[in-house]
Amino acid sequence: MTFLERIVGYFRENVEKAKGYEPGFQPRQADEVIKLNTNENPYPPSPKVLQVLAEMTAEQLRRYPDPQGNAFRQAAAEINGVQPDNIICCNGGDELLSMAIRAFCDESRPVAYPVPTYSLYPILANIQNCKAIETPFDGEFNLPAKLATTDAALTIVCNPNAPSGTFINVDELASLADELKGVLLIDEAYVDFAEANCTSLVKDFDNVIILRSMSKGYSLAGSRFGYAIAQPDLIAGLMKVKDSYNVDAIAITLATAAIKDQQYFKENVEKVKADRKKLIEQLRALDFEVADSSANFVLAKTKNGKAGEIYDKLVQRGIYVRYFNRPGIDDKLRITVGTKEQNNKLLSALKEILAGEIAFPSTSLRAKGSFRSQ
Ligand SMILES: Cc1ncc(COP(=O)(O)O)c(C=O)c1O
């Protein structure tokens, strides 16, 4: 019996059967490719972040970090117009999703969310062994009315939604929070690129949690830092679920410097928004159907439905976007807004591909599963 065969029986059944989350491809030689597949910010973090990184001391590394990341809580509270006890720090927004599902859901307490959306939600639900109630968006990604009537202990709305980039009005989410019996978690990982956010709902509703990420607007995906905003009782409950030292000393220091440098952050976000507008216009000119986006990516529908083939041809030229081989979105490509230069290279490649100037690779790259998520 092999080692793998022997350990099979050790796992809980649903962990055993789980496929696990498949992140967007992370090429080793990142400098040699154009990477528009995991919605990172194309610009570096604030120079102030690099300065505090250089000033870190051995003593800060020798000691455990502040378990609550209070320096960051203070800074984030000021910027969001709330109090520090409205904030919990987490090891990336993903950790908050995991904490919320562990805190609110189990076999008899389902999670609900509209689909298609962030593909991590069903994976976390499966590991927690809780039912996932998936209510489909309509073609325009409007909030499904059914979402308000489920018996879910936790409802998650990704806003702006991934992978559509669409935005649901704050008023609509306020009505949803009002109607729900359970908790409403609004995943605002991409909200820095939108025109509004739901922070104000925290004051009015004791069942609302807002998720924020430092990976996108603040260019800190490599550091792993996110946070949540909610009323103090919800925050105190989530504190019981988190790892004792869930955010490390370096991450707290970098995230605090980043969020304090609002001027740099705003300038970067405006650059991405301006380039997003141009990218959408140019993709439309190439006959892609592209909805307006409130995020740092766009979802482009191919006219011929052959998104998978276009994806393969882009990979052949060292350009990575995201293709989801899932019903409803398998005719689309999700493209992160890059620098002007990256966007232009992508557009020229698409022009050539659509004009049929490049021979299709003899061995399909799609066969090599690591390039694409399912
Ligand atoms: C919709 C959504 N929510 C949350 C996250 C988590 O981001 P992070 O863990 O990098 O903060 C991501 C990451 O891509 C995302 O796409």
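Residues numbered from 1 in each chain as written. Predicted model: local features only at pLDDT ≥ 70, side-chain atom pairs only at ≥ 80, totals over all residues. Heavy atoms only, no water.

Moving on, we get to the layout of surface pockets. One number sums up the size of the largest pocket: a volume of about 630 Å³. Forming the walls of the largest pocket are 30 residues, and the residues nearest its centre are Tyr 21, Thr 38, Asp 94, Tyr 118 and Lys 216. Secondary structure elements with two or more residues in the lining of the largest pocket: α6 (93-104) and β7 (208-213). Considering each element in turn, the lining of the largest pocket owes the most residues, 3 residues, to α6. Here the residues of the lining of the largest pocket sort into 13 nonpolar, 9 polar and 8 charged. (1 Å grid on protein atoms, 1.4 Å probe; cavity = no way out; pocket = protein on both sides within 12 Å on 5 of 7 lines; lining within 4 Å. Points joined across faces, edges and corners; volume = space filled by probe spheres on them. Helix = DSSP H or I, 4+ residues; strand = E, 2+ residues; numbered from the N terminus. Nonpolar A, V, L, I, M, F, W, Y, C, P; charged D, E, K, R; others polar.)

For the rest of this paragraph, the subject is the site of the ligand. The full set of residues close to the ligand is Gly 92, Gly 93, Asp 94, Tyr 118, Cys 158, Asp 187, Ala 189, Tyr 190, Ser 213, Ser 215, Lys 216 and Arg 224. In the model, an oxygen atom of the ligand is placed 2.9 Å from a nitrogen or oxygen of the Lys 216 side chain. Arg 224 is positioned such that a nitrogen or oxygen atom in its side chain is 2.7 Å from an oxygen atom of the ligand. Its atoms largely coinciding with the cavity grid, the ligand occupies the largest pocket. (Near = heavy atom within 4 Å. Polar contact = N/O pair within 3.5 Å; in protein donor to acceptor, adjacent residues only side chain to side chain. Sits in = over half its atoms within 2 Å of the grid points.)

Here we take up empty space enclosed by the protein. A probe as big as a water molecule, rolled over the atoms, marks out the empty space that is left. For the coordinates displayed, the defined rule picks out 2 cavities of 30 Å³ or more. Around the second largest cavity sit Pro 44, Pro 45, Ser 46, Gly 217, Tyr 218, Ser 219, Ala 258, Asp 261, Tyr 264, Phe 265 and Asn 268, which together line it. Looking at the lining of the second largest cavity element by element, the count peaks at 3 residues for helix α12 (residues 262-285). Within the lining of the second largest cavity, the residues separate by chemical class into 6 nonpolar, 4 polar and 1 charged.

Moving on to unusual backbone geometry. Note that the residue after Val 115, namely Pro 116, is joined by a cis bond; omega there is 0°. Residue placement: Pro 116 occurs in the loop between β3 (111-115) and α7 (120-128). Backbone geometry places Asn 129, a non-glycine residue, at a positive phi of 65°. Positionally, Asn 129 belongs in the loop between α7 and β4 (132-136). Although it is not a glycine, Arg 224 adopts a positive phi angle of roughly 70°. Here Arg 224 shows up in the loop between β7 and β8 (226-229).

Right, let's get into the packing of α12 against helix α14 (residues 340-354). Across the interface, α12 lies against α14 with an axial gap of 11 Å and an inter-helix angle of 5°. Regarding the angle of α12 to α14, the classification is roughly parallel. Here Asp 275, Lys 278, Leu 279, Gln 282 and Leu 283 of α12 come into contact with α14, specifically with Lys 340, Asn 343, Leu 346, Leu 347 and Leu 350. Per-class residue counts for the contact of α12 with α14 are 5 nonpolar, 2 polar and 3 charged. (Axes fitted to C-alpha atoms, helices over the stretch in contact; angles between N-to-C directions. Parallel < 35°, antiparallel > 145°, perpendicular 65-115°, else oblique. Contact = heavy atoms within 4.5 Å.)

Turning to the packing of helix α13 (residues 307-316) against α14, a few remarks are in order. Viewed as axis vectors pointing N to C, α13 and α14 meet at an angle of 120°, and their least axial separation amounts to 10 Å. Relative to α14, the element α13 lies oblique. The way α13 lies across α14 gives a crossing that is right-handed. Within the contact between the two elements, α13 uses Ile 310, Lys 313 and Leu 314 and α14 uses Leu 346, Ala 349, Leu 350, Ile 353 and Leu 354. For the contact of α13 with α14, a count of residues per class yields 7 nonpolar, no polar and 1 charged. (Left-handed = near helix turned anticlockwise from the far one by under 90°.)

Across the protein chain, the average pLDDT comes to 92, with 92% of residues at or above 70. In the predicted structure, residues 362-374 sits below a pLDDT of 50 and forms 31 contacts with residues beyond four places in sequence or in another chain. (pLDDT = per-residue confidence, 0-100.)

Quick look at α12 now. Residue pairs three or four apart in sequence face the same way in an α-helix, which turns once every 3.6 residues. Over its 24 residues, α12 runs 35 Å from end to end, which matches the ideal 34 Å to within 8%, given 1.5 Å per residue. Restricting attention to buried positions, one finds in α12 the residues Gln 262, Phe 265, Asn 268, Val 269, Val 272, Lys 273, Asp 275, Arg 276, Leu 279, Ile 280 and Leu 283. On its buried face, α12 is in contact with α5 (70-80), α11 (249-260), β9 (289-290), β10 (297-301), β13 (332-336) and α14. Asp 287 sits one or two residues past α12 and shows a positive phi near 80°. (Expected span 1.5 Å × (residues − 1). Buried < 20%, exposed > 50% of the residue type's maximum accessible area, 1.4 Å probe, protein only.)

Tracing the sequence through the fold places Ser 215 in the loop between β7 and β8. Owing to a relative accessible area of 6%, Ser 215 belongs among the buried residues under this scheme. The spatial distance from the C-alpha of Ser 215 to the C-alpha of Ala 189 is 8.1 Å, given a sequence separation of 26 residues. Setting aside residues up to four positions removed in sequence, Ser 215 forms contacts with Asn 41, Leu 220, Ala 221, Arg 224 and Phe 225.

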